[in-house]
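Now for the letters of each chain:
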Amino acid sequence: MIKKFLAAIMIAAFVMVGGTADAKSLWVDNGFMSMYSDKKARNVGDILTIVISESTTQTATKSRSNSKSGSINVGTGTGIFDFIRAFSASGSDSWKADGSATDTNRFTGQITVTVVEVLPNGNMVVEGTQSIWQNRDEHKITLRGVIRRDDVTMNNTVPSYKVADATLKFNGKGPLNAKQRQGILTQIFNFLF
């Protein structure tokens, strides 16, 4: 009985002091996440990693040929044309061209991107650039695309084949990359001929 009386006094004292109890959600939407919240990217400014595994193969085969031939036969002339001797001539021409080309590209890697926009349907526009310098050569990877929140894994990654409207650019500059391009005179010659 004394325990019930003491409990009632404590409750009455708590109410008189004006204590209030606030309920807080485990899921915070203002960008700051508690230790119980999901760590996946969801807001503008959040980062996530795109796991790039792309391969393309292009094959082209062409075969063309053309041929023509002709012949003429003339018999011996008679009468006033008896000076014409019999002769024949023939000629032929043929042309054939075969060609094939195969281009295979494969790229694997990872690039960390930033959410730059959240669309009304919850999809996120992501964009990121990664520059790698090696021996005064720059290799730059730029990725932009749209991803669904459901495609973000527990590790905060997305496979590149799940990026919609993806633009993936590989650029390079530096001494080595400059040597791999045709010179200006060769480019002009190829343009003219």
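Residues numbered from 1 in each chain as written. Predicted model: local features only at pLDDT ≥ 70, side-chain atom pairs only at ≥ 80, totals over all residues. Heavy atoms only, no water.

Colleague: What am I meant to see in the overall build of the protein here?
Modeller: Scanning the protein for helices and strands turns up 3 helices and 6 strands. Reading the protein from its N terminus to its C terminus gives the helix and strand order α-β-β-β-β-β-β-α-α. Taken over 193 residues, the protein has a buried fraction of 17%. Across the protein, the fraction of contacts at a sequence separation of at least 24, relative to all contacts at a separation of at least 6, is 58%. If you sum the accessible surface of the protein, you get close to 15,600 Å²; carbon and sulfur atoms cover 56% of it. (Helix = DSSP H or I, 4+ residues; strand = E, 2+ residues; numbered from the N terminus. Buried < 20%, exposed > 50% of the residue type's maximum accessible area, 1.4 Å probe, protein only. Contact = heavy atoms within 4.5 Å. Areas by Shrake-Rupley, 256 points an atom, 1.4 Å probe, with all protein chains shown as cover.)

Colleague: For this particular structure, what's the right way to read the environment of Glu127?
Modeller: Tracing the chain through its elements places Glu127 in strand E3 (residues 124–134). On a C-alpha basis, the gap between Glu127 and Glu117 in space is 9.4 Å, while along the polypeptide they are 10 residues apart. When sequence neighbours within four positions are dropped, the list of residues in contact with Glu127 reads Val113, Thr114, Val116, Leu143 and Arg144. Polar contacts involving the side chain of Glu127 include one to the side chain of Arg144, which spans 2.6 Å. (Polar contact = N/O pair within 3.5 Å; in protein donor to acceptor, adjacent residues only side chain to side chain.)

Colleague: Looking at this structure, I do not really get the confidence of the model for the protein. What am I missing?
Modeller: Parts of the model with low pLDDT should not have their predicted coordinates read in detail. Per-residue confidence for the protein averages 76 on the pLDDT scale, and 66% of its residues sit at or above 70. Ranking the elements of the protein by mean pLDDT puts helix H2 (residues 175–179) last, at 53, and strand E5 (residues 157–159) first, at 91. (pLDDT = per-residue confidence, 0-100.)

Colleague: Explain the pairing of E3 to me, please; I cannot follow it from the model alone.
Modeller: Where E3 lies against strand E4 (residues 137–147), 11 bridges are found, and the strand directions are antiparallel. If you follow Ser131 over to E4, its bridge partner there is Lys140. In sequence, E3 turns back onto E4 through a hairpin of 2 residues, with Asn135 there showing a positive phi of about 50 degrees. (Pairing = 2+ DSSP bridges.)

Colleague: So what exactly am I meant to see when it comes to the pattern of salt bridges here?
Modeller: Side-chain pairs of opposite charge can arise where the charged atoms are in close proximity. One pass over the structure, following the stated rule, counts 2 salt bridges. As a salt-bridge pair, Glu127 and Arg144 come within 2.6 Å of each other at their nearest N and O atoms. In this pair, Glu127 sits in strand E3 while Arg144 sits in strand E4, placing the two residues 17 residues apart along the sequence. A relative accessible area of 36% places Arg144 in the partly exposed class. (Salt bridge = Lys/Arg side-chain N within 4 Å of Asp/Glu carboxyl O.)

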